[in-house]
Amino acid sequence: MRNPDSSTFLNELFDLKGKVAVVIGGTGVLCGAMAWGLWRAGCRVVLVGRNPGKAESHFQRWGSPPDEARFFEADVTRRDQVVTIIPAVMDWFGRIDIWINGAAINPPVPYFDITNEQFDNILDTNLKTVHMACQIIGKHWIDNGQKGCIINMSSMAAVRPLSRVFVYSLTKAALLNLTQNLAREWAIHGIRVNALCPGFFPAEQNRRVLDKSRVKAIMDHTPMRRFGDVEELIGATLLLASEKAGSFVTGSNLVVDGGFSVTSI
Ligand SMILES: NC(=O)c1ccc[n+]([C@@H]2O[C@H](COP(=O)([O-])OP(=O)(O)OC[C@H]3O[C@@H](n4cnc5c(N)ncnc54)[C@H](O)[C@@H]3O)[C@@H](O)[C@H]2O)c1
């Protein structure tokens, strides 16, 4: 028997046409690439961040018509700014289906030098923002009887506590716990909550941590002997975002790390 057209099968399995994705931290390196992947798959996307110039350079690379991709300026540590995202996106696109929480900072401070102010700042940016955004979008979906999908940006630091980034690591570990808790609570409402766990991808927020000795340590510990390329996060993003392909996936931490996390000896 002839195998029917495989592209139709794949299009239906990963159908994202017309969906709307809000990407917090989409002005950055990893989430910018993930947003591009969603846009290429047919989503309309909103990049949320503090820097319109960064969003503009993403859009220029995409060659995107302005009605399919927008930038929304917000400091996501501020609840009063996060609550303004939903009405703006509803006004532009009339729906929200996918919400990615990717804003983070990663200052490498020796453990005994971490001040309370730095600790609070990292917690506010990496964890409180995710909690606030989940509260706000979760309530919106549940109140309106809508399904949705949240992807929280976790990290290798959550599953393998990494030297030099103590507070970053604990925020990413806590974020996994939050992801699992919300997945359990909201499955009944048709809301899936997952984490995406990248290994090492050279980007802005880890540039200061990646000196020569650390790069060597990472390579020695990564069976694929290389960094990830940001576009290698797109397949995992589409799986988690797709209503059909990812329909039974919730509470997971999808690792994309070239084997770093499974390496011991
Ligand atoms: N790069 C890696 O190897 C790596 C590995 C594991 C996990 N991650 C995670 O992936 C996500 C993206 O990382 P990246 O490397 O692309 O970082 P990045 O610094 O390029 O992007 C982060 C973005 O978040 C924005 N942001 C930070 N604070 C904000 C705030 N208060 N309000 C609004 N926007 C804010 C930044 O301006 C930036 O555009 C982060 O959550 C990071 O922890 C990255």
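Nothing here was measured: the structure is a model prediction, and the numbers come from that model.

## A closer look at the overall build of the chain
So, point 1. Broken down by element type, the chain carries ten helices and seven strands.
So, point 2. Over its C-alpha trace the chain gives a radius of gyration of 18 Å, about what one expects of a compact globule, namely 18 Å for 265 residues.
So, point 3. Across its three principal directions, the C-alpha atoms of the chain cover 55 × 55 × 40 Å.
So, point 4. For the chain, the residues scored as buried account for 40% of the 265 residues in total.

## A look at the site of the ligand
So, point 1. The environment of the ligand is made up of 28 residues, and the closest members are Gly 25, Gly 28, Leu 30, Ala 104 and Ala 203.
So, point 2. Ranked by residue count, the leading element in the shell around the ligand is helix α2 (residues 29–40), at three residues.
So, point 3. Partitioned by chemical class, the residues of the shell around the ligand number 13 nonpolar, eleven polar and four charged.

## Considerations on the packing of helix α6 (residues 116–143) against helix α8 (residues 166–186)
So, point 1. For the pair α6 and α8, interaxial distance at closest approach is 9 Å and the crossing angle is 15 degrees. When the axes of α6 and α8 are compared, the pair comes out roughly parallel. Considering the relative orientation of α6 and α8, their crossing is right-handed. Of α8, the residues touching α6 (which contributes Phe 119, Ile 122, Leu 123, Asn 126, Leu 127, Val 130, His 131, Cys 134 and Gly 138) are Val 167, Tyr 168, Thr 171, Lys 172, Ala 174, Leu 175, Leu 178, Leu 182 and Trp 186.
So, point 2. Looking at the contact of α6 with α8, its residues break down into 13 nonpolar, four polar and one charged.

## Points about the nonpolar core
So, point 1. Of all hydrophobic cores here, the largest spans 69 residues; its most connected members are Ala 21, Val 22, Val 23, Ala 35, Leu 38 and Val 45.
So, point 2. Ignoring anything within four residues of it in the chain, the contact list for Leu 38 reads Leu 16, Ala 21, Cys 43, Val 45, Ile 98, Thr 237 and Ala 241.

## Points about the sheet that holds strand β4 (residues 98–101)
So, point 1. The sheet built from seven strands is open, its strands ordered β3-β2-β1-β4-β5-β6-β7 with parallel pairing. Each end of this open sheet is capped by a strand with a single partner; those strands are β3 (69–73) and β7 (253–256). Pairs of neighbouring strands in the sheet enclose a mean axial angle of 20 degrees, with direction left out of account.
So, point 2. Relative to strand β6 (residues 191–198), strand β5 (residues 148–153) is paired through six bridges, and the arrangement is parallel.

## Looking at the pairing of strand β2 (residues 44–49)
So, point 1. In terms of residue burial, β2 counts as a mostly covered element, since six of its six residues are buried.
So, point 2. Of the two faces of β2, the one holding Arg 44, Val 46 and Val 48 and the one holding Val 45, Leu 47 and Gly 49 are both buried throughout.
So, point 3. In the sheet, strand β1 (residues 20–24) pairs with β2 via five bridges, with the strands oriented parallel. Bridge pairing in β2 places Val 23 opposite Leu 47.
So, point 4. A crossover connection joins β1 to the parallel β2 through α2; in handedness this β-α-β unit is right-handed.

## Comments concerning the confidence of the model for the chain
So, point 1. On average, residues of the chain carry a pLDDT of 95, and 100% of them reach 70 or more.
So, point 2. Within the chain, β4 carries the highest mean pLDDT (99), whereas helix α1 (residues 6–13) carries the lowest (91).

## Digging into the pairing of β1
So, point 1. Of all five residues that make up β1, five are buried, and the element is covered over most of its length.
So, point 2. Every second residue of β1 is oriented toward a common face, with Val 20, Val 22 and Ile 24 on one face and Ala 21 and Val 23 on the other, all of them buried.
So, point 3. Both β1 and β4 contribute to a ladder of four bridges, which runs parallel. Considered in β4, the bridge of Val 23 is made with Ile 100.

Each value, and the rule that gives it
- Residues numbered from 1 in each chain as written.
- Predicted model: local features only at pLDDT ≥ 70, side-chain atom pairs only at ≥ 80, totals over all residues.
- Helix = DSSP H or I, 4+ residues; strand = E, 2+ residues; numbered from the N terminus.
- Rg over C-alpha atoms; globule rule 2.2 N^0.38 Å.
- Buried ≥ 20, exposed ≤ 12 C-beta atoms within 10 Å, placed from the backbone.
- Near = placed C-beta within 6 Å.
- Nonpolar A, V, L, I, M, F, W, Y, C, P; charged D, E, K, R; others polar.
- Axes fitted to C-alpha atoms, helices over the stretch in contact; angles between N-to-C directions.
- Parallel < 35°, antiparallel > 145°, perpendicular 65-115°, else oblique.
- Left-handed = near helix turned anticlockwise from the far one by under 90°.
- Contact = placed C-beta atoms within 7 Å.
- Core = buried A, V, L, I, M, F, W, Y, C linked by C-beta atoms within 7 Å.
- Pairing = 2+ DSSP bridges.
- Right-handed = clockwise from strand over helix to strand, strands pointing away.
- pLDDT = per-residue confidence, 0-100.

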